[in-house]
Amino acid sequence: MIPRLQYWLSEEQLHKHEDKVLLALTLLIGAIVSLVIVAFIVLTENLGARMYPAGGAAWRRLVIPVFGALVTGLLLNRYFPYARGSGIPQTKTALFLYDGYIQFRTVVGKFFCSSLSLASGIALGREGPSVQVGAGIASVLGRRLGLSQSRIKALVPVGTAAALAAAFNTPIAAVLFTMEEILGNLHAPVLGSIVVSAATSWMVLRMLLGDEPLFHVPAYQLVHPVEFLLYALLGIAGGLASVAFVKLLLRLRRHFLTLPQWTRKYQPVAGGLLVGGLGWFVPQVLGVGYAHVGDALNGKMVLSTMALLVLLKILATATCYASGNAGGIFGPSLFIGAMLGGAFGSGVHTLLPDYTGSVGAYALVGMGTAFAGIVRVPLTSVIMVFEITRDYSIIVPLMISNLVSFAISYKFQREPIYEALLHQEGIHLPEAARGRGTTLVVRNAMRPAPRSVSIADRLSSIPLGRGDVPVVDAEGLAGVLREARLEQALKDGWGDRPVSDLLPQFDPQAKLTAANFPHVHPDHPLDTALQRMAEHRLKVLPVVRRTNLREVLGVVSLDDILNAYGIGKQQAQISTPSSAHETSRPGALLAVLIAATAGVGLFAGFGTYYYRSGRVEKAADSYRRARELSAQERHPEAIEQYRKALSISHSDQYRLALASELVTVGRFNEAAIYLNDFLRAHPDSGPANLGMARVAASRGSSREAAHFYRRGTYGDWPSGAEEDRVRARFEFVDYLRRTGGRQQAITELLALTEQTSTDAAVKMRVGQRLLALDASREAAGLFQDVIRENPDNAAAYLGLGEAEFQRERYQAARAGFEAALSRSPKDQKAQQKLHVTEQILALDPTARRLRPVERYQRSRSLVSLALVSLEACQPAATDDEKALADRIRKTLTTKRQPASWNDATENNVALAQDLWTLRERSCTAGPAPDEALARVMSLLSR
């Protein structure tokens, strides 16, 4: 077995079956890279949790970033010089300049230095380092297996895709980023390997960490077509912020590169000092900040905080990266975008609440907007945001905003950030590696095709040096003739005959290919035309349509191609339909594209909005549907229906309903926007003031809450909503009771009874609230009023009994409970209360009209029950307690008649009180005391 294995692992067999080895290695790289990246994530998070424990001291936020930057700076300078920065520019350099060679030392250094840097709070991301680590692992494995340089080079993007898929949990975006940025070619031949590697890495990640998206976001729904314009404005803001970030980073890095070489090891400390100083006051600046991104996506951050974090994060990340710390800009880009989008969304939602969706939707679009503007990969940013959040409905606004951001960024910062970083180090990658060059195509050089004429006319019209003639007849392209064939035909006397007569007959059903029928298409690169000219030894090729190879669009010659490249002498004479395209500027074309896209989107949106039939009926239907959903407690769906109704018909009724629903689900900040807008027009609205009271209560502002509650309870309510007003008064009372306003709550309840003096149900509810506030005398009076109005109201008798019971008037309480049971014999609560009341009356030795012997017997029962209660709670532990218990048992067992019944009763009562005092002082566990006994002992203590 072992010799067989050694044979297949020999260098000769590996080279012989290199394709199979590459497939197996792709799967292996995907799995290994995923494991390493998972370890990287876990190590970073656990190390960060130890450095910043919950409730840790503030000095940590200043000291730890500086210490982490100092240690990593020394390590990077002495041992791992190629592990600085993001890792993506270094990966591209290794791929295109060093045939995919990445040292194992660099992989190790990138792993541990980035872990320490990120855990210490440096404001960089983990995705860039993950890319270099994954590419390095692929490179090392390829070299260890003795693969060829071309194969090793092909493995680097395989490792890159696997790393990004694991770091972000985004396999599709990982493939796109690798093709779009790393390779600069969406049609690279290694696409299959990249897809397999990313999928393998994602599967391993899912088995280890689960399949949870990086962020959980609420459902998005377009509220109004005007939001398309707002998202375009967000794109402008994102583009400007991206340009500011890139220019600041490049300028700072240029400054650090000019410093003396000996300072290189200490430069990362500058980033640590800055981020530590900012983190002292604003802790959200530290680290990647994904938790704060989640807060912004779910509308849990205020506008001022998000706006401040945009500025501070741009400054912190640019300084940390420029000073040479290990970490990337992926995560910070998403952070900056989320905060920018959240601040923008919060602002526009305050100004236009009826026309805009939730703040989280703008934060979500802002993430992709900043990423597209900074990293300059718009396609990847759209797919990445989709995969991160699993929310497809945001794609169209995201595309609009990303396109605008990309255009702004390209306009003011032509050089992409990774390319500019390499140029600062004197590295210039091949044009194909960047994928940014303008590729000339046949359309840029072709000219109109000549029609078929006589041989003599055609021969005389051939330009000097262009010896081939495409022949076009009524059926289209018929073929190509060489100049020598035309001259021979002229000598043979065929000058008056059509040129097409010289072509051989062909089968019209035959399949035409580039081999048997030389041609090109308008979108072919010019190098393809040159290649086919060389293969067939032709100087002219016909340009045909892709859908019909015989439909000639023009011809292209060698001279035309040279002119297109600016080498020929006749460039100015070429007049083709593409000439305008050649002279147009990319910026102008991009501006036209943006304007066209925005125009089509806005036109379609407004057309759909303003010309759909039955707007009012649809708004009413949405409102009715929302109320049904709210009654079913399907609140998120109800909110979206209310939004839909409000966007169609800007009714105050819909606005108030939406605000109330938002309050119900606890989205108080958003609700306050609609409520304030409503109160500006209706300041005395009871429901709106009640909503604002709930908002204020949620913020802990008791004075403000009481103000709005009072305005709500005494404000205007719709006709037929008196029950709602009463419910609001009770809510106000409950709030006062919770916040310590007992006397004010009692006053509000009594005022409510005066306003609803004829409503027995309200009096009953007020009475119960008064009992909860220990206002038993007032409660008793209300229940007596109800009984006078309705002598058969069992609940009123029960309430009266409870009020008298609370006042310790047990005879009156028993009468109330008996009256309640006589009218409702199955009332279990009345039965229970009556039983306890009778126990109290039967146990109380101070009751009137008792004979001395009866008082004595009751006092003995008190002593016995008190002793049982004490021992059930905590058996006697000390000698004194044991002696007391023995003395009490002896007293209870004696049957001798006392000399004085009254003296014996007093002694027993005193003994029972001693036991009860001991129980209250020493009881730490056990059942609750008997209610009747507790109440009798309370009476005796007074």
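That block above? That's the structure.
Reference entry: report on the structure contained in this document. (Residues numbered from 1 in each chain as written. Predicted model: local features only at pLDDT ≥ 70, side-chain atom pairs only at ≥ 80, totals over all residues. Heavy atoms only, no water.)

**What to know about the pattern of salt bridges**
Okay, so step 1: According to the stated counting rule, one finds 27 salt bridges in the structure shown.
Okay, so step 2: The salt bridge partner of lysine 92 is glutamate 181, with a shortest N-O separation of 2.9 Å. One end of the pair, lysine 92, is in helix α5 (residues 88-97); the other, glutamate 181, is in helix α9 (residues 171-182), and 89 residues separate them in sequence.
Okay, so step 3: Classification of glutamate 181 as buried rests on a relative accessible area of 2%.
Okay, so step 4: A salt bridge links arginine 729 to glutamate 748, with the shortest nitrogen-to-oxygen separation between them at 3.6 Å. (Salt bridge = Lys/Arg side-chain N within 4 Å of Asp/Glu carboxyl O. Helix = DSSP H or I, 4+ residues; strand = E, 2+ residues; numbered from the N terminus. Buried < 20%, exposed > 50% of the residue type's maximum accessible area, 1.4 Å probe, protein only.)

**Describing the nonpolar core**
Okay, so step 1: One finds Phe245, Leu249, Phe330, Met367 and Ile417 to be the most contacted residues of the largest nonpolar core, which totals 112 residues.
Okay, so step 2: With 13 residues, the single largest contributor to this core is helix α8 (residues 149-168).
Okay, so step 3: The residues contacting methionine 367, other than those within four sequence positions of it, are Phe215, Val293, Leu297, Ser333, Leu334, Gly337, Ala338 and Val385.
Okay, so step 4: Ranked by size, the runner-up nonpolar core spans 97 residues in total, among them Tyr642, Ala672, Leu752 and Ala780. (Core = buried A, V, L, I, M, F, W, Y, C linked by side-chain atoms within 4.5 Å. Contact = heavy atoms within 4.5 Å.)

**Observations concerning the pairing of strand β3 (residues 540-545)**
On any regular strand, side chains alternate: one points to one face of the sheet, the next to the other face.
Okay, so step 1: Of all six residues in β3, five are buried, a share of seventy percent or more.
Okay, so step 2: Relative to strand β4 (residues 548-557), β3 runs antiparallel, the two sharing six bridges. By the bridge assignment for β4, arginine 545 is matched with asparagine 548. (Pairing = 2+ DSSP bridges.)

**Overview of the packing of aromatic side chains**
Okay, so step 1: Under the definition given, this model contains 14 aromatic pairs.
Okay, so step 2: Geometrically, the ring pair formed by phenylalanine 344 and tyrosine 362 is tilted, given 6.1 Å between the ring centres and 50 degrees between the ring planes. Linking phenylalanine 344 in helix α15 (residues 330-351) with tyrosine 362 in helix α16 (residues 359-375), this pair joins segments that are 18 residues apart in sequence.
Okay, so step 3: Its relative accessible area of 0% is what places tyrosine 362 among the buried residues.
Okay, so step 4: Ring plane angle 15 degrees and centroid distance 5.3 Å describe the contact between tyrosine 709 and phenylalanine 732, whose orientation is recorded as stacked. (Phe/Tyr/Trp six-rings, centres within 6.5 Å; stacked < 30°, edge-to-face > 60°.)

**Describing the environment of asparagine 902**
Okay, so step 1: Mapped onto the secondary structure, asparagine 902 falls in helix α42 (residues 901-922).
Okay, so step 2: Judged by relative accessible area, asparagine 902 falls into the partly exposed class, the value being 45%.
Okay, so step 3: With 46 residues separating them in the primary sequence, asparagine 902 and tyrosine 856 have C-alpha atoms 7.2 Å apart.

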